[in-house]
Structure formats: C-alpha cells, structure tokens
Amino acid sequence: MEIPRSARGDRTRNGGGGAVPSAPAPVAELRERVTEFVTQHVIPQEPALDAGGPTAARTLAALQEAAKREGLWALPLPVELGGQGLPLTSYAPLAEAEGASDHGPAALGSATLLDALMLHRHATPRVRTRFLHRLTAGKLRSAYAMTEPESPGSDPLLTRTRAESGADGSWKVHGRKWFTTAAAEADIVTVLARTDGEPPDRHGLSLLLVPTDAPGFRLVRELPVLGIGGQWEIELDDVRVPADHLIGERGQALAVAAQRLQLGRTLRCLRWLGQAERAFALMRTRARERTLRDGALGNHQLVQQQLFEALLAIRSTRPLVHEAARLIEAGHDARIEVGLAKVAAARMLQYVADAAIQIHGAAGLGPDTPLPALFRMGRLARLLDGPDELHITSVARRVLRDE
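(A) Geometry of the overall build of the chain. Tallying secondary structure elements over the chain gives twelve helices and ten strands in all. Its C-alpha radius of gyration of 21 Å places the chain within 12% of the 22 Å reference for a compact globule of 403 residues. If one aligns the C-alpha atoms of the chain with their principal axes, the spans along those axes are about 80 × 50 × 40 Å. Taken across its 403 residues, the chain has 51% of its residues classed as buried. For the chain, contacts bridging at least 24 residues in sequence account for 72% of all contacts bridging at least 6. Working note: accessible area of the chain is about 18300 Å², and carbon and sulfur atoms make up 53% of it. The distance from the centre of the 49 positive side-chain charges to the centre of the 47 negative ones in the chain is 2 Å.

Structure representation (structure tokens):
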C-alpha cells in the first residue's frame, strides 16, 4: 500500500529506511495500518497537538477515539488492562511506525505502557481500582518525575525531594522536579522521593503517586528544549499523599524503577527509528524531486553519500534495538544490549535528521517540514534516559567484568 506524501512526513510502506525485520502476517498487516493511521491522521494534526492547551487535548481525544474504532488501541498493553496483549517483539515494528510522530504513542494508547505496568505490578488495590483502567483507556494522563534542578539527573541516589510519613500513615512530600514530560496535562505524577536516610543511601528512596490537583502541587515553569515545549518544572510544597499511594515497598524505588528502565529505553529507541525513517523518506524525496541546472539533486555524489550514510545508520541500528527487545521479552538481563541500542539510536537519529536538513538546504530549517523538530529530538536523545556517557561507561564496565 503506497502512503501519500505530504510536506509533514513522506513515509513509504517500509518506512523509508527499509529492511524492517520480518514479522508474521498479522503483525506486518498491523504495521501497515499503524503507518497509515499515523500518516493520515496524526501527522496532519501535529501543529494543533504541539500547541498544547484545550485544543490539543480535544484533538488528542478525537485521535484516540479514531484509533479505538480502527482496532489499533493499546496494542502492547495487557489484555486484562484493556489492551491487545502484543508481546514486545511483535509490537516492536509497530512502535517504530507509531513513533514517526511524537504524538503517535499517545494517540494509539501505547504511551501509558510503562506507568500502566508499574501500577499493575506494584500499586495497592485501591490505587489500581481508582486509576489504572482510566489510565489505559486514555481518560487519565500520567507523568514521571525523577530528575531535580539541584541534583545530577543521572544519579537518583542524590535525590533531595523528601516524603515524610505522618501519624495517620499519609505522606507529606516536599521538593522540586524538572524535565517532567507533559506535567501540565497530567492527572497523576509518580514522584521519586527520599523517605529514609540521606544521599547517597540507595535504600531510602520510594515512589509515590501524587494527584496533580492536591494542594501544594504547582507547575513552576515550562522548560522549552531547544525551543520546543512539553517539559516542566514542578514544585511539591508539603503535598499530602494518602498512605496507600506508595508504589511498591518503602525504600524500594530503585527496584521498581529498574523494571521500567530497560523497557522504557528500548521503546524510545524504537520510536527514534521511526522518526529517523521519516527524516530519511523526506531526504530521499528531496534528492529525487529537487532539480538544479544540471538535473536532480540526487545525481550529485555528495548527496548520494549522505543518503548512503543515513541508510547505513538506520539499518545498522535497528538490529541492536530489536535484539534488546528480544532479550527483555525473554526475561534476560539486557543491560549491555539496551546500552548499545540507546547510544546507537540517539546518534543515528541526530545524524539522519542533520543529513536530511542538509539535503533540504534552507527549507530544512523552516516550518514547512518536521526536520527541525526531528533534529531537536535527535540532540535531546543523547541525554534522555541517561546521557550517552553513562551508557558507554556502564557497558564498558560490564564487558570488562564478564568472564
């Protein structure tokens, strides 16, 4: 099925970068349908979704209802939570297709996967009853607040936000978090806080589910990332949280967080592959259709080299990411594979987006293509979920320890 081109994203049936891992026929068909949905419905609405506010909320709600009608809702979520229960290796090609737009996962109901699994496994029965099914149905929005202005985000042991238990068992949370994605739209925020000991005690950290309408919860400011919004600094000024809003055991936040880290990083890598494919498809179309005095732009060897290097980056990265997904699904330790995939995917997205901008010339810097946003995401990717340096060091140390 040929997908129509548009100024906001030229995607073909193989995603531009090609060589998507072979999949059973139902998964391959689903990928086609997800690609078509994102291309025809989500990407045209990106300006409204990027703007935020009530218009963005209404637009997203309409897209979510459309995804449910199309049978594309919550593909990787467990069936008991209202999802379709696809295993990670089957969902991986679909995650690439969803990720072509930053808004694809939210529109298709997969953006809640990490929080939904966390609550499903570790929340109290009352919290699960109150929040979980509304979250997976798209009726509730969540955020995850870990990093702080005064502490290195790569080292959670230095967390300063504190939660104190009162006589009635409830918690009083005080501190600041920043670079909290979509905090302005969230109804609940999972907050990493120190409940015992002092930094860097690793056994004194806990996770608390904080409703954003609780007194003392405040949005401090939006933090545009290279000009793009969506990240927020929040303040918790003695916010009262019920005792049963503790996620997991007291002092065991790192064990709970570790379960979501490998999966979360792999999901990001899959979505970055989808965004790189989108940039590559635009790049290829530009090289074919832009004419100079001596013919098509793509006739020039330096342009051909840019295309080659971008394609090589995509196809070299994809096996690393899918191998990480395979190991996670099998229940194996995938820390080396996830570290390799995360660094490779971040570098790949930045390189491909940069090359696509170069092929477009001045047009690649303006508002008529998604390339500036894709390039910004590529740069941001090298810091998200831990800076590249953290993963490089971690992987190297593990390799040196292995017998």
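Here the narrative resumes.
(B) Summary view of the pairing of strand β3 (residues 171-181). Summarising the sheet, strand β2 (residues 162-165) and β3 pair through four bridges and their orientation is antiparallel. From the neighbouring strand, alanine 163 faces β3, where its bridge partner is valine 173. In this antiparallel pair of consecutive strands, β2 and β3, the connection spans five residues, and glycine 169 shows a positive phi of 90°. Bridge count for β3 against strand β7 (residues 231-241) is eight bridges, and the pairing is antiparallel. Residue lysine 177 lies in a different strand from β7, and its bridge partner there is isoleucine 234.

(C) Fine view of the pattern of salt bridges. What the rule picks out here adds up to 19 salt bridges. Taking the shortest distance from any N to any O, the salt bridge between glutamate 198 and arginine 162 comes out at 3.7 Å. A residue pair is termed long-range when its members are at least 10 positions apart, and glutamate 198 in the loop between β4 (188-194) and β5 (205-211) and arginine 162 in strand β2 qualify at 36 residues. The class for glutamate 198 is exposed, based on a relative accessible area of 54%. On the basis of relative accessible area, arginine 162 is assigned to the partly exposed category, the value being 27%. Arginine 250 serves as the salt-bridge partner of aspartate 196, at 2.9 Å between the closest nitrogen and oxygen.

(D) Seen up close, the packing of helix α4 (residues 88-99) against helix α9 (residues 301-329). Direction vectors running N to C along α4 and α9 enclose 145°, while the axes themselves pass 9 Å from each other. Here the hand of the crossing between α4 and α9 comes out right-handed. Of the residues in α9, those in contact with Leu88, Thr89, Ser90, Ala92, Pro93 and Glu96 of α4 are Arg318, His322, Ala325, Arg326, Ile328 and Glu329.

(E) View of the packing of aromatic side chains. Considering all chains together, one arrives at one aromatic pair under this definition. A ring pair is formed by tryptophan 178 and phenylalanine 179, whose centres lie 4.9 Å apart and whose planes are at 70°; its orientation type is edge-to-face. On the basis of relative accessible area, tryptophan 178 is assigned to the partly exposed category, the value being 24%. Above the face of the tryptophan 73 ring, lysine 68 is positioned so that its terminal group lies 4.7 Å from the ring centre. For the cation-ring pair, arginine 260 lies above tyrosine 144, with the distance from its terminal atom to the ring centre recorded as 3.8 Å.

(F) Broad picture of the nonpolar core. Formed by 85 residues in total, the largest nonpolar core has its most connected members in Leu119, Trp272 and Val352. At 14 residues, helix α8 (residues 253-289) tops the list of elements feeding residues into this core. With sequence-adjacent residues up to four places away left out, tryptophan 272 is seen in contact with Lys342, Ala345, Ala346, Met348, Leu349, Met377, Ala381 and Leu384. Ranked by size, the runner-up nonpolar core spans 20 residues in total, among them Ala186, Leu208, Val210 and Val241.

(G) The arrangement of α9 in detail. With 29 residues, α9 extends 42 Å between its outermost C-alpha atoms, agreeing within 8% with the 42 Å of an ideal straight helix rising 1.5 Å per residue. By the burial criterion, the buried members of α9 are Val303, Leu307, Ala310, Ala313, Ile314, Thr317, Arg318, Val321, His322, Ala324, Ala325 and Leu327. Considering only its buried residues, α9 is in contact with α4, α8 and α10 (335-360).

(H) Layout of the packing of α8 against α9. Direction vectors running N to C along α8 and α9 enclose 160°, while the axes themselves pass 10 Å from each other. As far as their axial angle goes, α9 and α8 are roughly antiparallel. Every pair of crossing elements has a handedness; the one defined by α8 and α9 is left-handed.

(I) Structural view of unusual backbone geometry. A cis amide bond links proline 199 with the next residue in sequence, proline 200, at an omega value of 5°. Its location among the elements puts proline 200 in the loop between β4 and β5. Notably, alanine 182 is not glycine yet its phi reads approximately 60°, a positive angle. Since its relative accessible area comes to 17%, alanine 182 is described here as buried. In the Ramachandran plot, aspartate 385 falls in the positive-phi region, its phi being about 55° despite a non-glycine side chain. Summarising the element assignment, aspartate 385 is placed in the loop between α11 (371-381) and α12 (388-401).

Criteria and cut-off values
- Residues numbered from 1 in each chain as written.
- Predicted model: local features only at pLDDT ≥ 70, side-chain atom pairs only at ≥ 80, totals over all residues.
- Heavy atoms only, no water.
- Helix = DSSP H or I, 4+ residues; strand = E, 2+ residues; numbered from the N terminus.
- Rg over C-alpha atoms; globule rule 2.2 N^0.38 Å.
- Buried < 20%, exposed > 50% of the residue type's maximum accessible area, 1.4 Å probe, protein only.
- Contact = heavy atoms within 4.5 Å.
- Areas by Shrake-Rupley, 256 points an atom, 1.4 Å probe, with all protein chains shown as cover.
- Lys, Arg positive; Asp, Glu negative; His and termini not counted.
- Charge placed at Lys NZ, Arg CZ, Asp CG, Glu CD.
- Pairing = 2+ DSSP bridges.
- Salt bridge = Lys/Arg side-chain N within 4 Å of Asp/Glu carboxyl O.
- Axes fitted to C-alpha atoms, helices over the stretch in contact; angles between N-to-C directions.
- Left-handed = near helix turned anticlockwise from the far one by under 90°.
- Phe/Tyr/Trp six-rings, centres within 6.5 Å; stacked < 30°, edge-to-face > 60°.
- Lys NZ or Arg CZ within 6 Å of the ring centre and 35° of its normal.
- Core = buried A, V, L, I, M, F, W, Y, C linked by side-chain atoms within 4.5 Å.
- Expected span 1.5 Å × (residues − 1).
- Parallel < 35°, antiparallel > 145°, perpendicular 65-115°, else oblique.

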